[in-house]
Amino acid sequence: IQRLYPDNPIATQVLAPGQVVPAAGQGVLALEIRENDEAMRKVLAPIHHVPTATCVEAERELQRRLEGGCQVPLGIYGELDGGRLTLTACLARPDGSGLIRESVTGAAADPKAVARALEKVLVSLGARQILDELNR
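Values in this document were obtained by computation on a predicted structure and should not be read as measured data.

## Some remarks on the overall build of the protein chain
In terms of helices and strands, the protein chain carries four helices and three strands. Starting at the N terminus and ending at the C terminus, the protein chain contains elements arranged as α-α-β-β-β-α-α. Within the protein chain, the proportion of its 136 residues that are buried is 29%. Expressed as a percentage of contacts within the protein chain between residues at least 6 apart in sequence, the contacts between residues at least 24 apart total 54%.

## Section: the packing of helix H2 (residues 50-66) against helix H3 (residues 111-124)
One way to put it is that H2 packs onto H3 with a least axis distance of 8 Å and a crossing angle of 40°. Our classification of the angle between H2 and H3 gives oblique. Read as a crossing pair, H2 and H3 show a hand that is right-handed. Along the contact surface, H2 presents Thr54, Glu57, Ala58, Glu61, Leu62, Arg65 and Leu66, while H3 presents Pro111, Lys112, Ala115, Arg116, Leu118, Glu119, Leu122 and Val123.

## Considerations on H2
In an α-helix there are 3.6 residues to a turn, and that puts residues three or four apart on one side. An ideal rise of 1.5 Å per residue puts 24 Å on 17 residues; H2 measures up with 24 Å between its terminal C-alpha atoms. Of the surrounding elements, those touching the buried residues of H2 are strand S1 (74-81), strand S2 (84-91), H3 and helix H4 (127-134). The positive-phi residue at the C-terminal boundary of H2 is Glu67, with phi of around 60°.

## Some words on a nonpolar patch on the surface
A cluster of nonpolar side chains, namely Leu29, Leu31 and Ile47, defines an oily patch on the protein surface of about 290 Å² accessible area. Assignment of secondary structure puts Ile47 in the loop between helix H1 (38-44) and H2.

## Overview of the layout of surface pockets
In this structure, the largest pocket encloses a volume near 660 Å³. In this structure, the largest pocket is lined by 22 residues; those nearest its centre are Leu29, Ala30, Leu31, Glu32 and His48. Residue assignment for the lining of the largest pocket shows that the elements contributing at least two residues are H1 and H2. Per-element accounting of the lining of the largest pocket gives the leading share, five residues, to H2.

## Brief notes about the pattern of salt bridges
Counted by the stated rule, this structure contains six salt bridges. A salt bridge links Arg65 to Glu61; the nearest nitrogen and oxygen atoms lie 3.6 Å apart. In this pair, Arg65 and Glu61 both sit in helix H2, four residues apart, roughly one turn of the helix. Owing to a relative accessible area of 27%, Arg65 belongs among the partly exposed residues under this scheme. One network of salt bridges, with partners in common, ties together Glu61, Arg64, Arg65 and Glu119.

## Things to note about the nonpolar core
Counting residues in hydrophobic clusters, the biggest one holds 22 residues, and the most contacted among them are Leu62, Ile76, Leu87, Leu91, Leu118 and Leu122. At the level of secondary structure, the elements contributing two or more residues to this core comprise H2, S1, S2, strand S3 (100-107), H3 and H4.

## Here we look at the pairing of S1
Pairing analysis gives eight bridges linking S1 to S2, with the strands arranged antiparallel. Bridge pairing links Gly75 to Cys90 in S2. The antiparallel hairpin formed by S1 and S2 contains two residues in its connecting segment, where Gly82 sits at a positive phi of about 65°.

Cut-offs used in this document
Residues numbered from 1 in each chain as written. Predicted model: local features only at pLDDT ≥ 70, side-chain atom pairs only at ≥ 80, totals over all residues. Heavy atoms only, no water. Helix = DSSP H or I, 4+ residues; strand = E, 2+ residues; numbered from the N terminus. Buried < 20%, exposed > 50% of the residue type's maximum accessible area, 1.4 Å probe, protein only. Contact = heavy atoms within 4.5 Å. Axes fitted to C-alpha atoms, helices over the stretch in contact; angles between N-to-C directions. Parallel < 35°, antiparallel > 145°, perpendicular 65-115°, else oblique. Left-handed = near helix turned anticlockwise from the far one by under 90°. Expected span 1.5 Å × (residues − 1). Patch = residues over 30% accessible without salt bridge, like charges linked within 9 Å, V, L, I, M, F, W, Y side chains within 5 Å. Areas by Shrake-Rupley, 256 points an atom, 1.4 Å probe, with all protein chains shown as cover. Salt bridge = Lys/Arg side-chain N within 4 Å of Asp/Glu carboxyl O. 1 Å grid on protein atoms, 1.4 Å probe; cavity = no way out; pocket = protein on both sides within 12 Å on 5 of 7 lines; lining within 4 Å. Points joined across faces, edges and corners; volume = space filled by probe spheres on them. Core = buried A, V, L, I, M, F, W, Y, C linked by side-chain atoms within 4.5 Å. Pairing = 2+ DSSP bridges.

Everything listed here is a matter of geometry and, on its own, says nothing about what the molecule does.
Here's what the structure looks like:
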């Protein structure tokens, strides 16, 4: 499983994550199995894509920490470059005001730490205030 932008004759423009930050886990295929089902884990191992899983782990951790959901205008995207993970987030009010867009890079081996670091940056820039307004 990989994050790919296949040629699409219907699309008039493909927007890269640098232009529009997608929702956390956008476009990722996920399969769930029982926690202790080792036989199924072995069956699915060949299609598990560790780089994608690392990015999505960071994306979902930041979304969880910010208490974001489907109704929150929050984009989060992780990208790997070697052993480094760059996590980018974009948050705004529904009318587009208060736009906050930031990135943090850290060790890919600890995607949750990268998410925590970006959370601190976003909160310092007013993200909590925007999220609190949206949750009222």
